[in-house]
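Topology and contacts: notes
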Amino acid sequence: AKDQGVRRPSLYTEQMHQHLLRRNLLEEEVRHALNRDQFCFALQPQIEILTGRLVGFEALLRWTHPEKGVIAPDEFIPLLENSENLLNIGYWGLRRVFELLVQLEEQGLTEVKLAVNLSAEQLLDPRLCSYLKELLGEYGPLANRLELELTERTLVKDIELCLQVMNDLRSLGFTFSIDDFGTGYSSLSYLKKIPVDVIKIDRSFVIGMLENAPDYQIVASTVAMVHNLGMQMVAEGVETRAQLDCLRELECEIGQGYHISRPILEKDLPSVLQRRLLQ
Ligand code: C2E
Ligand code: CA
Ligand code: CA
Ligand code: CA
């Protein structure tokens, strides 16, 4: 045949090629995003379910891409996996949350906590403790207002080492929560060892709790267990009024989710807070 040996790329490989090109491009761009000041946080409110009072925010990383706009972490964190960059972004983020705590204080929110996600690499980085100590020196005694979120996946990597680091950070005043609780394929025995204050049950259970009996049972039993262990329970992924009401009945203390508020970009926070506080 005429076109023998001139194999035209099939649509499939052409698409894969485009995908790889895009991914490399994005990877290249995100590597420079820190220098170009393109990261920020979106803060998602957390409320005390019984009273509706604002008690804190979770700081969620965002990349403001010059053309693509705001990009969520699941789209770029995987591109940075195993790179020094992710650690650098983590350190930038910790400084930023201290700045945000100071800003919130200036706006009269002197009690609210900020929860920040720590990757395994970050928790186990030998520089973490001294860096946080440095930030406390610069920004003041704000440790007890910061909640460090770890996942079960992080904890099971090296439980003894995690324990050591967590105890060091606790002696500085920081508190911890377990994020995505119930999804980590881990046994519960680590709960006996590690000093955590808060359990955040994974949003998949909360989202399903009114439709699926097992999800409901898991949420209900987790609340009971968390309270029996002397910890606090946060439900994330609260998307409806009915879920919030159900969580209140189960006596879950804290709620976070789209029904309460979407994450709010740092730059929009002052105006949103003003509107809320005037309500
Ligand atoms: P996560 O820690 O489980 O954060 C909660 C995610 O749920 C956020 O997604 C949030 O926008 C989303 N969410 C909040 N309310 C609802 C709801 O009612 N329904 C649903 N379906 N989703 C809701 P986001 O911001 O895209 O973050 C995704 C993940 O990226 C986070 O999951 C966390 O694992 C990671 N991440 C975010 N910021 C950081 C960071 O600063 N450092 C690190 N290492 N990871 C981060
Ligand atoms: Ca989290
Ligand atoms: Ca989570
Ligand atoms: Ca997650």
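Residues numbered from 1 in each chain as written. Chains lettered and ligands numbered in written order. Predicted model: local features only at pLDDT ≥ 70, side-chain atom pairs only at ≥ 80, totals over all residues. Heavy atoms only, no water.

Under the annotation held in an unreviewed UniProt entry, the protein chain carries the name Bifunctional diguanylate cyclase/phosphodiesterase and is attributed to Bowmanella dokdonensis.

1. Details of the side chain of Gln-256
Among the secondary structure elements, Gln-256 is positioned in the loop between strand S9 (254-255) and strand S10 (264-265). Its relative accessible area of 2% is what places Gln-256 among the buried residues. Separated by 2.8 Å, the side chains of Gln-256 and Gln-44 make a polar contact. With residues near it in sequence (within four places) discarded, Gln-256 still touches Gln-44, Pro-45, Gln-46, Glu-58, Lys-200, Val-234, Ala-235, Glu-236, Gly-237 and Val-238. (Helix = DSSP H or I, 4+ residues; strand = E, 2+ residues; numbered from the N terminus. Buried < 20%, exposed > 50% of the residue type's maximum accessible area, 1.4 Å probe, protein only. Polar contact = N/O pair within 3.5 Å; in protein donor to acceptor, adjacent residues only side chain to side chain. Contact = heavy atoms within 4.5 Å.)

2. Topic: helix H5 (residues 128-139)
Here H5 contains twelve residues, and its C-alpha end-to-end distance of 16 Å stays within 8% of the 16 Å for a straight helix at 1.5 Å per residue. If you check which residues of H5 are buried, you get Leu-128, Tyr-131, Leu-132, Leu-135 and Leu-136. One side of H5 carries all its buried residues, which in axial view fall inside an arc of 145°. When the buried face of H5 is taken as reference, the exposed residues oriented beyond 90 degrees from it are Lys-133 and Gly-137. Buried residues in H5 make contact with helix H3 (84-106), helix H4 (120-123) and helix H7 (159-171). (Expected span 1.5 Å × (residues − 1). Arc of directions from axis to C-beta.)

3. Remarks on the coordination of the calcium ion (ligand 2)
Surrounding the calcium ion (ligand 2) are the protein donor atoms Glu-58 (OE), Asn-117 (OD1), Glu-149 (OE) and Asp-179 (OD), which sit 2.1 to 2.3 Å from the metal. In primary-sequence terms, the residues that donate to the calcium ion (ligand 2) follow E-x58-N-x31-E-x29-D. In this structure, the calcium ion (ligand 2) is positioned 4.0 Å from the calcium ion (ligand 3), and both are ligated by Asp-179. Within this pair, whereas Glu-58 is found in strand S2 (residues 54-65), its partner Glu-149 is found in strand S5 (residues 146-151), the two being separated by 91 residues in sequence. With respect to burial, Glu-58 and Glu-149 carry one shared label: buried. (Donors = N, O, S within 2.8 Å, 3.2 Å for Na, K, Ca; no water.)

4. Quick look at unusual backbone geometry
Of note, the phi angle at Asp-37 is positive, near 60°, even though the residue is not glycine. Position of Asp-37 relative to the elements: it lies in the loop between helix H1 (11-33) and strand S1 (39-48). Here the phi dihedral of Glu-251 falls at roughly 65°; this positive angle occurs in a residue that is not glycine. On the secondary structure map, Glu-251 appears in the loop between helix H11 (241-249) and S9. Relative accessible area serves as the criterion here: at 57%, Glu-251 is assigned to the exposed category.

5. With respect to H7
Counted at 1.5 Å a residue, the expected span for H7 with its 13 residues is 18 Å, and the 18 Å between its end C-alpha atoms agrees. Every buried residue of H7 is listed here: Ile-159, Cys-162, Leu-163, Val-165, Met-166 and Leu-169. Residues of H7 that are buried make contact with H4, H5, S5, helix H6 (152-157), strand S6 (175-181) and helix H8 (190-193). Where H7 terminates, the next one or two residues include Gly-173, which has phi positive at roughly 110°.

6. Considering the coordination of the calcium ion (ligand 3)
Looking at the metal site, the calcium ion (ligand 3) is ligated by Asp-179 (OD), Asp-180 (OD), Glu-236 (OE) and Glu-236 (OE), spaced 2.1 to 2.7 Å from it. We note that the donor set of the calcium ion (ligand 3) lies within a single chain, spaced as D-D-x55-E.

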